[in-house]
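The primary structure of each chain is shown beneath.
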Amino acid sequence: MAKKLITVTVNGRKHEKAVEPRMLLVHFLREELNLTGAHIGCETSHCGACTVDVDGRSVKGCTHLAVQCDGSEVLTVEGLAQGSVLHAVQEGFYKEHGLQCGFCTPGMLMRAYRFLQENPNPTEEEIRMGMSGNLCRCTGYQNIVKAVQYAAEKLREQAAATA
Ligand code: FES
Ligand code: FES
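Residues numbered from 1 in each chain as written. Chains lettered and ligands numbered in written order. Predicted model: local features only at pLDDT ≥ 70, side-chain atom pairs only at ≥ 80, totals over all residues. Heavy atoms only, no water.

Draft legend 1. Summary view of the environment of Leu5. Structurally, Leu5 is set in strand S1 (residues 4–10). C-alpha of Leu5 to C-alpha of Asn134: the two residues are 129 residues apart in sequence and 31 Å apart in space. (Helix = DSSP H or I, 4+ residues; strand = E, 2+ residues; numbered from the N terminus.)

Here you go:
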């Protein structure tokens, strides 16, 4: 199949690559760029383990073609920390024990990252609904809710400090 040249900015770095039109975004990230944080947990677009941020929206990378991201800005879990400083969502999952096997975690973090920009002060119910595209087999979700609450509070404090 003829390849198409695309330019995608991933975690602030521009990549120009020739890809087959049928290549899924999650395979492009994992196999072409070696960004293996995003995982694959299903073939039916349910689990959300492949979630990344594309042009300011949470996207399931298994349900998106790499060619559709020509000219896009993509953020993956590898781009969340600033140097050695964890993003608030990473700190929240760590402090509140929001992960066990860690397989769902990159997708959970990327969803939490965007969800807290959509809704900076969510109720527990809004968190559960806002994260409902992401499945976890280990935690029972309870500590993930606490992790997102922790991150929300930290982000509000950071926003207040810079206001
Ligand atoms: S791999 Fe399950 S939703 Fe993408
Ligand atoms: S921590 Fe194992 S699937 Fe969520």
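Draft legend 2. Structural detail: the pattern of salt bridges. Here the structure, examined in full by the defined rule, presents six salt bridges. We note a salt bridge from Arg22 to Glu20, for which the minimum N-O separation is 2.6 Å. For Arg128, the salt bridge is made with Glu124, and the minimal N-O distance between the two is 2.9 Å. Within this pair, Arg128 and its partner Glu124 are both found in helix H4 (residues 124–130), separated by four residues, close to a single helical turn. Here Glu124 falls in the partly exposed class, since its relative accessible area comes to 36%. (Salt bridge = Lys/Arg side-chain N within 4 Å of Asp/Glu carboxyl O. Buried < 20%, exposed > 50% of the residue type's maximum accessible area, 1.4 Å probe, protein only.)

Draft legend 3. Representation of the nonpolar core within the structure. Of all hydrophobic cores here, the largest spans 23 residues; its most connected members are Leu80, Val89, Phe93, Met108, Leu116 and Val148. Among the elements of the structure, helix H2 (88–95), helix H3 (105–118) and helix H5 (142–162) are those that each provide at least two residues to this core. Ranked by the residues each element gives to this core, the list is headed by H3, at seven residues. Among residues more than four places away in sequence, those in contact with Leu80 are Leu75, His87, Val89, Gln90, Leu109, Met110 and Tyr113. In this structure, Leu25, Ala38, Val59 and Ala66 belong to the second largest nonpolar core, which totals 21 residues. (Core = buried A, V, L, I, M, F, W, Y, C linked by side-chain atoms within 4.5 Å. Contact = heavy atoms within 4.5 Å.)

Draft legend 4. Region of the structure containing the packing of H2 against H3. The N-to-C vectors of H2 and H3 enclose an angle of 125 degrees; their axes lie 9 Å apart at closest approach. Relative to H3, the element H2 is oriented oblique. Relative to H3, H2 is oriented so that their crossing is right-handed. Contact residues: H2 offers Val89, Gln90 and Phe93, while H3 offers Thr105, Met108, Leu109, Ala112, Tyr113 and Leu116. (Axes fitted to C-alpha atoms, helices over the stretch in contact; angles between N-to-C directions. Parallel < 35°, antiparallel > 145°, perpendicular 65-115°, else oblique. Left-handed = near helix turned anticlockwise from the far one by under 90°.)

Draft legend 5. Looking closely at H2. Here H2 lies mainly inside the structure; six of its eight residues are buried. For H2, the set of buried residues is Ala88, Val89, Gln90, Glu91, Gly92 and Phe93. On its buried side, H2 packs onto H3 and H5. Following H2 by one or two positions, His97 adopts a phi angle in the positive range, close to 55 degrees.

Draft legend 6. Representation of the environment of Val145. By the element assignment, Val145 lies in helix H5. The class of Val145 is buried, set by a relative accessible area of 4%. Residues Val145 and Ala88 lie 57 residues apart in sequence; the distance between their C-alpha atoms is 14 Å. If near-sequence neighbours (up to four positions away) are discounted, Val145 is found in contact with Glu124, Ile127 and Arg128.

Draft legend 7. Spotlight on the pairing of strand S4 (residues 57–60). With four bridges joining them, strand S3 (residues 51–54) and S4 adopt antiparallel strand pairing. Residue Thr51 lies in a different strand from S4, and its bridge partner there is Lys60. Linking S3 back to S4 in an antiparallel pair, the connection comprises two residues, with Asp55 at a positive phi of about 50 degrees. (Pairing = 2+ DSSP bridges.)

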